[in-house]
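A structural walkthrough
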Amino acid sequence: PAEGLSRRSSQPSHVTSSRFAAGYSVRYHGDNTAEGQTAWIYNGIANAHARVELSVRASDGYAYSVVNQLLENGMAVGTYTLFAEDGTDLGDRAFVWVTQRGAWDLGSVLDVDPETVGWDFLANAITVAENGVIAVHGLPQETPAMSQGVAIARLNNPPPLPGP
């Protein structure tokens, strides 16, 4: 388990014929208090397991992520909860995971900056095609806080390798 967690309880949610699987692990602390869930992806060809843990609240270790779709090539899209440094919950954000490259906030790896085309942020990656076209929910700029819109976006091909 991750540091500070006493155990995890894992559930598979997706599997491909190309030997990829995805699911989530419920995060527990010593007193058996659930502290969210962490999405995971397993590459059966490389026998490699990756957690999608893009943001963790430092005060209690809470994190949340879920895979919404897993493709035959191992690409996955989903949602995670973003926390500010002070622990403030900034809401859901969309992520993409690419084999041998890792996971990113989806807004950082698209062919256009979401803010420049009228989106405050992308909250949920719904589905993705093999060519990198993704359907997302997001918060359009200058709309009430509970409003969401749907957009189609394209990944930069390929997404950049993780930082230094």
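Everything below is about the structure shown above.
Residues numbered from 1 in each chain as written. Predicted model: local features only at pLDDT ≥ 70, side-chain atom pairs only at ≥ 80, totals over all residues. Heavy atoms only, no water.

1. Concerning empty space enclosed by the protein
Applying the stated criterion to the full structure yields one cavity of 30 Å³ or more. Of the voids in this model, the largest cavity is the one considered here, and its volume is about 30 Å³. Along its surface, the largest cavity is lined by Gln37, Val52, Glu53, Leu54, Ser55, Ala63, Tyr64, Ser65, Tyr80 and Thr81. At the level of secondary structure, the elements contributing two or more residues to the lining of the largest cavity comprise strand S5 (63-70) and strand S6 (76-83). Counting residues per element, the lining of the largest cavity draws most heavily on S5, which supplies three residues. In terms of residue class, the lining of the largest cavity is made up of five nonpolar, four polar and one charged. (1 Å grid on protein atoms, 1.4 Å probe; cavity = no way out; pocket = protein on both sides within 12 Å on 5 of 7 lines; lining within 4 Å. Points joined across faces, edges and corners; volume = space filled by probe spheres on them. Helix = DSSP H or I, 4+ residues; strand = E, 2+ residues; numbered from the N terminus. Nonpolar A, V, L, I, M, F, W, Y, C, P; charged D, E, K, R; others polar.)

2. Re the side chain of Asn43
Structurally, Asn43 is set in strand S3 (residues 34-43). Judged by relative accessible area, Asn43 falls into the buried class, the value being 10%. Within polar-contact distance, the side chain of Asn43 engages the backbone nitrogen of Ala46 at 3.0 Å. For Asn43, the contacting residues outside a window of four places in its chain are Arg19, Phe20, Ala48 and Thr99. (Buried < 20%, exposed > 50% of the residue type's maximum accessible area, 1.4 Å probe, protein only. Polar contact = N/O pair within 3.5 Å; in protein donor to acceptor, adjacent residues only side chain to side chain. Contact = heavy atoms within 4.5 Å.)

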